[in-house]
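Coordinates in review
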Amino acid sequence: MPATMEALVVLEPNRLEIQEVPVPTPGPDQVLARVRAVSICGTDAHLVRGDYPHFWPPEFPFIPGHEWAGEIVALGPGADRYGWAVGDRIAGTSHDACGVCQKCVEGRYNLCENYGRPGLHRQYGHNIQGADATYVIHGIKSVFHLPDGLTFDEGALVDPASIALHVANRGGVAPGDTVAIIGAGAIGLLSGDAALARGAGRVVLIERVQARLAKARALGFEAIDAEAGDPVATIRAMTGGLGADVVLECAGVPQAVQWALAMLRRGGRCAAVGIPTVGVEIPMQKLVLDELELVGCRASAGEMRRVMPLVEQGRIRVRELITHRYPLADYAQAMATFNDPASGAIKIIVQP
Ligand SMILES: [Zn+2]
Ligand SMILES: [Zn+2]
């Protein structure tokens, strides 16, 4: 094992550097992995810009990256008791929760009540070193066997696929439901497949960026251009005036949240995963009188293993979303491409 490795270091907001840093040593119930592919997430773009001061990351300099795949090269003490071995191919996820608090024991470890407490909870690439490096350490709760049929690039998208499945699960999508999805970025498109996997009868994506609309249609979804007219009226017209049984809000802007509630059928449910940076006015009268439900969705909670066969079978399509690939050394260029709406980028893979 070499003593040092290449890593992408964010020195301060918007200042990136590839540095030679020490290879970390895995602790109890941790593994050290050779990272083969990392996918750029919208959260990475926010984090690099410094949009979450003193939270993600708690401090600079920082190594981001949390959607990744690779192979185990060393085991920390005890990791073998759970069946892990050097050479295992794995996909990682970010939450490594305490496992002891009430939310953890109820399976909702994404809401760990010891969030961020040193030694109890880690969120890789958010509050502790991430995978934008040759090697990364992960606790065994946050790595999952990657089937032989999936490449490392595809494996890097298992984490966002698990989030999409979590969104569809939180939305309570039932067989035959009409599901409207606002935002046809990676999570919106993956959520479309996740809704179908839960039995949705019809999935309609709403998007204003033309390249994303084209991608949604190329994947076989019905898609509405949000700029071409009132998407609420369009969804109502498409459903005989009733509205959508479920809306998955994957855009994270105030107008999208208001559209979501306005296009719901009576008794309908909106699951929101987009995170608006400002407050949003909610029509409480409609929510109360129509018994609407509005739920939040944070990362995933148990969906990594459940989504793996769906990804392997191509029922949740990940390969189709990869639009660009860069070596880690070109991360700044990769991020610029990700942030450029004209690039057509959906998912960008970075290879350390
Ligand atoms: Zn992510
Ligand atoms: Zn916990």
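To be clear, the structure that these remarks concern was listed above.
About the criteria used
Residues numbered from 1 in each chain as written. Chains lettered and ligands numbered in written order. Predicted model: local features only at pLDDT ≥ 70, side-chain atom pairs only at ≥ 80, totals over all residues. Heavy atoms only, no water. Helix = DSSP H or I, 4+ residues; strand = E, 2+ residues; numbered from the N terminus. Rg over C-alpha atoms; globule rule 2.2 N^0.38 Å. Buried < 20%, exposed > 50% of the residue type's maximum accessible area, 1.4 Å probe, protein only. Contact = heavy atoms within 4.5 Å. Areas by Shrake-Rupley, 256 points an atom, 1.4 Å probe, with all protein chains shown as cover. Lys, Arg positive; Asp, Glu negative; His and termini not counted. Charge placed at Lys NZ, Arg CZ, Asp CG, Glu CD. Pairing = 2+ DSSP bridges. 1 Å grid on protein atoms, 1.4 Å probe; cavity = no way out; pocket = protein on both sides within 12 Å on 5 of 7 lines; lining within 4 Å. Points joined across faces, edges and corners; volume = space filled by probe spheres on them. Nonpolar A, V, L, I, M, F, W, Y, C, P; charged D, E, K, R; others polar. Phe/Tyr/Trp six-rings, centres within 6.5 Å; stacked < 30°, edge-to-face > 60°. Lys NZ or Arg CZ within 6 Å of the ring centre and 35° of its normal. Right-handed = clockwise from strand over helix to strand, strands pointing away. Donors = N, O, S within 2.8 Å, 3.2 Å for Na, K, Ca; no water. Tetrahedral: all angles 85-135°; square planar, octahedral: opposite > 155°, others 65-115°. Axes fitted to C-alpha atoms, helices over the stretch in contact; angles between N-to-C directions. Parallel < 35°, antiparallel > 145°, perpendicular 65-115°, else oblique. Left-handed = near helix turned anticlockwise from the far one by under 90°. Disulfide = S-S within 2.5 Å.

**Digging into the overall build of the protein**
A tally of helices and strands in the protein yields eleven helices and 17 strands. Relative to the globule expectation of 20 Å for 352 residues, the C-alpha radius of gyration of the protein, 20 Å, shows essentially globular dimensions. The C-alpha extent of the protein, read off along each of the three principal axes, is 65 × 45 × 40 Å. A burial count over the protein gives 54% of its 352 residues as buried. Considering only contacts within the protein whose residues lie at least 6 apart along the sequence, 68% involve residues at least 24 apart. For the protein, the exposed surface amounts to about 14800 Å²; the carbon and sulfur share of it is 51%. Here the protein holds 31 positive side-chain charges and 38 negative ones, and the gap between their average locations is 5 Å.

**A closer look at the pairing of strand β4 (residues 68–75)**
Sheet analysis places strand β3 (residues 30–39) next to β4, joined by seven bridges and oriented antiparallel. For A37, the partnering residue across the bridge sits in β4 and is A69. As paired strands, β4 and strand β5 (residues 89–92) are joined by four bridges and run antiparallel to one another. Bridge pairing in β5 links G70 to I90.

**Concerning the layout of surface pockets**
What the second largest pocket holds in volume is close to 200 Å³. Residue lining of the second largest pocket: H95, A97, G99, C104, Y109, I140, K141, F144, G302, M304 and R305, and that is the complete set. Class assignment of the residues belonging to the lining of the second largest pocket gives a composition of six nonpolar, three polar and two charged.

**Some details on the packing of aromatic side chains**
Taken as a whole and judged by the stated rule, the model has three aromatic pairs. Judged by centre distance (4.9 Å) and plane angle (20°), the ring pair of F55 and W56 falls under stacked. For W56, a relative accessible area of 10% puts it in the buried group. Ring centres of F55 and Y115 lie 6.1 Å apart, and the angle between their planes is 35°; this geometry places the pair in the tilted category. Residue F55 is located in the loop between α1 (42–49) and β4, and its partner Y115 is located in the loop between α2 (102–105) and β7 (122–123); the two are separated by 60 residues in the primary sequence. For Y115, a relative accessible area of 23% translates into the label partly exposed. Linked through ring pairs, Y52, F55, W56 and Y115 together constitute an aromatic cluster. Of note, R89 hangs over the ring of F152, and the distance from its end group to the ring centre comes to 4.7 Å.

**A few points about the pairing of strand β12 (residues 222–225)**
Where strand β11 (residues 202–207) lies against β12, four bridges are found, and the strand directions are parallel. Each bridged residue has a counterpart across the sheet, and for E207 the counterpart in β12 is D225. Traced from β11 through helix α6 (residues 210–218) to β12, the parallel crossover comes out right-handed.

**Brief notes about the coordination of the zinc ion (ligand 2)**
Within the protein, the atoms that donate to the zinc ion (ligand 2) are C98 (SG), C101 (SG), C104 (SG) and C112 (SG), at distances of 2.4 Å. Around the zinc ion (ligand 2) sit four donor atoms; with metal-centred angles ranging over 103 to 118°, the donor geometry is tetrahedral. On the accessibility criterion, C104 (10% relative accessible area) is buried.

**Description of the environment of E312**
Checked against the element boundaries, E312 lands in helix α10 (residues 303–312). For E312, a relative accessible area of 43% puts it in the partly exposed group. On a C-alpha basis, the gap between E312 and G267 in space is 34 Å, while along the polypeptide they are 45 residues apart. Residues in contact with E312, not counting those within four places in the same chain, are P147, G149 and L150.

**Concerning the packing of helix α4 (residues 158–171) against helix α5 (residues 186–197)**
Angle between the axes and distance between the axes: these two values describe a pair of packed helices. At their nearest, the axes of α4 and α5 sit 8 Å apart, and the two run at 60° to each other. By the angle class used here, α4 and α5 are oblique. Both α4 and α5 take part in a crossing whose hand is right-handed. Here P160, A161, I163, A164, L165, V167 and A168 of α4 lie close against α5, whose contacting residues are I187, L190, S191, A194 and A195. Its residues assigned to classes, the contact of α4 with α5 comprises eleven nonpolar, one polar and no charged.

**Quick notes on the state of the cysteines**
According to the stated counting rule, one finds zero disulfides in the structure shown. With no disulfide of its own, C250 has C297 as its nearest cysteine by sulfur position, at a separation of 8.1 Å.

**Considerations on the sheet that holds strand β15 (residues 293–296)**
Strand order across the open sheet formed by six strands is β12-β11-β10-β13-β14-β15, with parallel pairing between neighbours. Strands at the two margins of the open sheet, each flanked by one partner only, are β12 and β15. When strand polarity is set aside, the average angle formed by the axes of neighbouring strands in this sheet is 20°. Two strands pair when backbone bridges link them, and strand β13 (residues 244–249) and strand β14 (residues 264–272) are joined in this way by five bridges, in the parallel orientation. When the bridges of β14 are listed, A244 appears paired with L264. Strands in contact with α6 are β11 and β12; relative to β12, the strand with the most contacts, it is inclined by about 160°. Lying on the sheet, helix α7 (residues 231–238) is in contact with β10 (178–182), β11, β12, β13 and β14; it crosses β11 at an angle near 165°.

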